[in-house]
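Structural description and commentary
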Amino acid sequence: MSKCLVVVGGHRYGRPVTSAAPLIRARGLVKRFGDFTAVDGIDVEVRPGEAFGFLGPNGAGKSSTMRMIGCISPPSGGELRILGMDPVRDGPAIRARLGVCPQLDNLDPELTVQENLTTYARYFGVPRSTARRRAAELLDFVQLTERADSRVEPLSGGMKRRLTIARALVNEPEIVLLDEPTTGLDPQARHLVWERLFRLKQQGVTLVLTTHYMDEAEQLCDRLVVMDGGRIVAEGSPRALIEQHSTREVLELRFAAESQEAFAGKLDGLGERVEVLPDRVLLYVTDGDAALAQVEARGLTPAAVLVRRSSLEDVFLHLTGRTLVD
Amino acid sequence: MVDGGGTGVEVSVVQRSRPAVPALAVLAHHLTGYRRTWRAGIFSSFLLPTLTVVGFGLGVGAYVEQGVDGVPYLDWIVPGLLASTAVQVAIAESTWPVFSNFQWTRTYFAQSSAPLRVGDILAGHLGFVLFRALTASTAFLLVTALFGALASPWAVLTLPVVALLCLAVAAPTFAYAAAVSSDSWLAMLFRFALIPMTLFAGVFFPVESLPDGLRPLAYATPLWHAVDLCRAATLGVPPQSSAVGHLLYLAAWAALGWVLAVRLFRRRLVV
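Residues numbered from 1 in each chain as written. Chains lettered and ligands numbered in written order. Predicted model: local features only at pLDDT ≥ 70, side-chain atom pairs only at ≥ 80, totals over all residues. Heavy atoms only, no water.

1. Examining the overall build of chain A
Looking only at helices and strands, chain A has twelve helices and 14 strands in total. Counting only C-alpha atoms and orienting by the principal axes, one finds that chain A spans roughly 75 × 45 × 40 Å. The contacts of chain A with a sequence gap of at least 6 include a subset with a gap of at least 24, amounting to 69%. For chain A, the accessible area works out to roughly 13,500 Å², and carbon and sulfur atoms hold 49% of it. With 41 positive and 44 negative side-chain charges, chain A shows a spacing of 7 Å between the two charge centroids. (Helix = DSSP H or I, 4+ residues; strand = E, 2+ residues; numbered from the N terminus. Contact = heavy atoms within 4.5 Å. Areas by Shrake-Rupley, 256 points an atom, 1.4 Å probe, with all protein chains shown as cover. Lys, Arg positive; Asp, Glu negative; His and termini not counted. Charge placed at Lys NZ, Arg CZ, Asp CG, Glu CD.)

Right, dumping it as structure tokens:
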């Protein structure tokens, strides 16, 4: 039990950071379900105060990894240490210091908004009066104070997600696990969730999240890994990943003709990589405008042109492919 | 305060460990939800026994002039109805609610992310079912006492008996509800287990009236053992069969049900 400030997850202020020992450390971590290998030997380190992301298409092994970190899914192989402890042996002790926001909301619809927080707080041994005060603070934090006595059922998706995030914070966790925190939310709700998560990060809470939204990863993550087929295919900061796996700019050309292929051949030698999509051609280049001038110099006249900076999405699609994963 | 974004100065201590008795925190969760619906529930817990006592005891009983084993039919049937009420509440509370906590509200998954063990989650919910069965049975006892259908003060002993009976049927039902993939299997449990058991386990007529071939089935049900004990208690007579045997048989159902339920809950929650 530690003394800490009444800020969300404010342990960092109450306890001197003695070393930057990783809070989560996985070595060759494996998860198998029968013959299927969901996580195939990954190495991960998450350091205190960091916002760490798992990116990947559906079925990449992100959620399985999160469940192992959440100590509700025993690893099938490899090594996993969370807060220096063994998740299989010390599950309850680790979970006491984690906050979990699952992919599917599992709030109790029979309870009010406030009761969802206070009953959950009791699972962490938080005394009743502390739980009530904590619930009030957290409802303020996620902007649900005026809905405190409302049932959960009529809340919007964004409100439910914010309540789930608040519930994940009742025990002032050192690590908050968020599995696709904004999937299914409208843009306003997403931005509000991002803003609150950013505030948590500023307060020193370690965030571990999965997402397949690239803008979410760029907004929130200090460091991330891209997973595909249960393996880590790239690792680094969003900026570094773009530098490493993509060019600085992308020139998007849309030709009026039926097939873009016909034009693609005439672009040889321009840029580092040419990608032909059914509706447009992407040129990965250092300088988009210069490349466009060269395109025009070759007598090509695209119907539409877009010069943009390379994004994490380009990296993601490059690494994990454009094939649809269901 | 919280919006201060880390500039707050107020100091609090938030304990982050396991509660002293984790299952009690789980029980408290279920009771908090029940607070919202108990009024409708308490009404039916008093109304239902009143109706059954009037309907079966007085209505049907008027045609059973010689009573059963020299006991007026109302007095004879009341302990059976008491035990069968406890079974109905126990099974109703451990079918759809358990299924829902896995499938619809996913409450068990929320609980398993907290520092609770599978046994805590199970014990807390089972404790709530026990609470529901005991309050319904107490209401039943009060109503029947008002009708003068309890011949002996030993009748208070029916409460521990129905508590054990509740665990004997609820624990295996928890396991069943955790194992089935669709809620239509739950309705099957009512049709093929609860209703036959209620009809043939000595609640409405003595098991001896059944054909020889069917009697062992009646004796195999947990309900019959509780009915025999409850009847002995409310009438103030010795049970037909050994009381210790009855208790051990019920305890065996409860223990086996618990072991199965823990195993099946773990299969769902720890994967």
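2. Focus: the domain arrangement of chain A
Residue and element names in this part refer to chain A. The domain boundaries assigned to chain A delineate domain 1 (11-236) and domain 2 (247-320). With twelve residues of domain 1 at the interface, the matching set in domain 2 holds six residues. For the pair domain 1 and domain 2, the summed buried area comes to about 710 Å², and 83% of that belongs to carbon and sulfur atoms. On the domain 1 side of the contact with domain 2, M214, E218 and V226 bury the most area, a combined 54% of that side's loss. Viewed at the interface, domain 2 and domain 1 are joined by zero salt bridges. Between domain 1 and domain 2 we count zero residue pairs in polar contact (both at pLDDT 80 or more) in total. Elements supplying a minimum of two residues to the side of domain 1 that touches domain 2: α8 (214-220), β9 (223-228) and β10 (231-236). The element that contributes the greatest number of residues to the side of domain 1 that touches domain 2 is β9, accounting for four residues. Of the residues belonging to the side of domain 1 that touches domain 2, the class tally is nine nonpolar, one polar and two charged. (Domains from an automatic or database assignment. Buried area = accessible area lost by both parts, 1.4 Å probe. Salt bridge = Lys/Arg side-chain N within 4 Å of Asp/Glu carboxyl O. Polar contact = N/O pair within 3.5 Å; in protein donor to acceptor, adjacent residues only side chain to side chain. Nonpolar A, V, L, I, M, F, W, Y, C, P; charged D, E, K, R; others polar.)

3. Re the UniProt feature "domain: ABC transmembrane type-2" (unreviewed entry) in chain B
According to UniProt, the positions carrying the feature "domain: ABC transmembrane type-2" (unreviewed entry) are residues 40-268 of chain B. Across residues 40-268 of chain B, the secondary structure splits into 75% helix and 0% strand, with the terminal C-alpha atoms separated by 33 Å. (UniProt positions renumbered as here; feature names shortened; annotations may be inferred.)

4. Considerations on the packing of helix α4 (residues 96-103) of chain B against helix α11 (residues 243-269) of chain B
For any two helices packed against each other, one specifies the inter-axial angle together with the distance between the axes. Residues and elements named next belong to chain B. Look at α4 against α11: their axes get within 11 Å of each other, and the N-to-C directions meet at 25°. Judged by the angle between their axes, α4 and α11 are roughly parallel. Note that α4 runs across α11; the crossing there is right-handed. Contacts between α4 and α11 pair V98, F102 and Q103 from the former with F265, R268 and L269 from the latter. Of the residues belonging to the contact of α4 with α11, the class tally is four nonpolar, one polar and one charged. (Axes fitted to C-alpha atoms, helices over the stretch in contact; angles between N-to-C directions. Parallel < 35°, antiparallel > 145°, perpendicular 65-115°, else oblique. Left-handed = near helix turned anticlockwise from the far one by under 90°.)

5. A closer look at the UniProt feature "transmembrane region" (unreviewed entry) in chain B
All names here are of chain B. As annotated in UniProt, the feature "transmembrane region" (unreviewed entry) corresponds to residues 40-64, 76-100, 121-148, 154-177, 189-207 and 247-265 in the numbering used here. Structurally, residues 40-64 comprises 84% helix and 0% strand, and the distance from its first C-alpha atom to its last is 34 Å. With 96% helix and 0% strand, residues 76-100 has end C-alpha atoms that lie 38 Å from one another.

6. Things to note about the UniProt feature "domain: ABC transporter" (unreviewed entry) in chain A
If you check UniProt for "domain: ABC transporter" (unreviewed entry), the listed places come out as residues 24-254 of chain A in our numbering. Along residues 24-254 of chain A, the helical share is 34% and the strand share 28%, with 46 Å between the first and last C-alpha atoms.

7. As for the packing of helix α2 (residues 38-60) of chain B against helix α3 (residues 73-94) of chain B
Residue and element names in this part refer to chain B. Between α2 and α3, whose axes approach to 8 Å, the crossing angle comes to 145°. Crossing geometry of α2 relative to α3 is assigned as right-handed. On the side of α2, the interface is formed by T52, V53, F56, G57, L58 and V60, while α3 contributes Y73, L74, I77, V78 and L81.

8. Some points on a nonpolar patch on the surface
Residue and element names in this part refer to chain B. Taken together, the side chains of W38, I42, F43, F46, L47, L51 and L142 make up a nonpolar region of the molecular surface, amounting to roughly 660 Å² of accessible area. For the nonpolar patch, the element with the highest residue contribution is α2, accounting for six residues. Here I42 lies in helix α2. Given the relative accessible area of 33%, I42 is considered partly exposed. (Patch = residues over 30% accessible without salt bridge, like charges linked within 9 Å, V, L, I, M, F, W, Y side chains within 5 Å. Buried < 20%, exposed > 50% of the residue type's maximum accessible area, 1.4 Å probe, protein only.)

9. With respect to the environment of R32 of chain A
Residues and elements named next belong to chain A. Residue position: R32 is located in strand β2 (residues 24-33). Along the primary structure R32 and S76 are separated by 44 residues, whereas in three dimensions their C-alpha atoms are 5.9 Å apart. If near-sequence neighbours (up to four positions away) are discounted, R32 is found in contact with T37 and S76.

10. Re the packing of aromatic side chains
The final tally for this structure, using the stated rule, is 17 aromatic pairs over all chains. Note on W96 of chain B and F190 of chain B: the rings are 5.7 Å apart at their centroids and 45° apart in plane angle, and the pair reads as tilted. With W96 of chain B in helix α4 and F190 of chain B in helix α8 (residues 184-200), this pair connects stretches of sequence that are 94 residues apart. Assessed through its relative accessible area of 21%, F190 of chain B is described here as partly exposed. An angle of 70° between the planes, with centres 4.6 Å apart, marks the rings of Y219 of chain B and W224 of chain B as edge-to-face. Residue W224 of chain B is classed as buried on the basis of its relative accessible area, which comes to 8%. If you follow R167 of chain A out to its NZ or CZ, it ends over the ring of Y120 of chain A, 4.7 Å from the centre. A cation over an aromatic ring shows up here: R268 of chain B above the ring of F102 of chain B, its NZ or CZ 4.5 Å from the ring centre. (Phe/Tyr/Trp six-rings, centres within 6.5 Å; stacked < 30°, edge-to-face > 60°. Lys NZ or Arg CZ within 6 Å of the ring centre and 35° of its normal.)

11. Side note on the state of the cysteines
On inspection of all chains with the given rule, the structure shows zero disulfides over all chains. Of all cysteine sulfurs in the structure, the one in C221 of chain A sits closest to C101 of chain A, which takes part in no disulfide; the separation is 14 Å. Overall, C101 of chain A belongs to the buried group, its relative accessible area being 1%. Cysteine C230 of chain B shares no disulfide, and the gap to the nearest cysteine sulfur, in C166 of chain B, comes to 13 Å. C230 of chain B gets classed as buried once you look at its relative accessible area, which sits at 0%. (Disulfide = S-S within 2.5 Å.)

12. A closer look at empty space enclosed by the protein
Applying the stated criterion to the full structure yields four cavities of 30 Å³ or more. Of the voids in this model, the largest cavity is the one considered here, and its volume is about 50 Å³. Together, N106, D108, N116, T119, Y120 and R167 of chain A together with H29, T107 and A110 of chain B line the largest cavity. Among the secondary structure elements, those contributing two or more residues to the lining of the largest cavity are α4 (113-122) of chain A together with α5 (107-113) of chain B. Broken down by element, the lining of the largest cavity gets its largest block of residues, three residues, from α4 of chain A. (1 Å grid on protein atoms, 1.4 Å probe; cavity = no way out; pocket = protein on both sides within 12 Å on 5 of 7 lines; lining within 4 Å. Points joined across faces, edges and corners; volume = space filled by probe spheres on them.)

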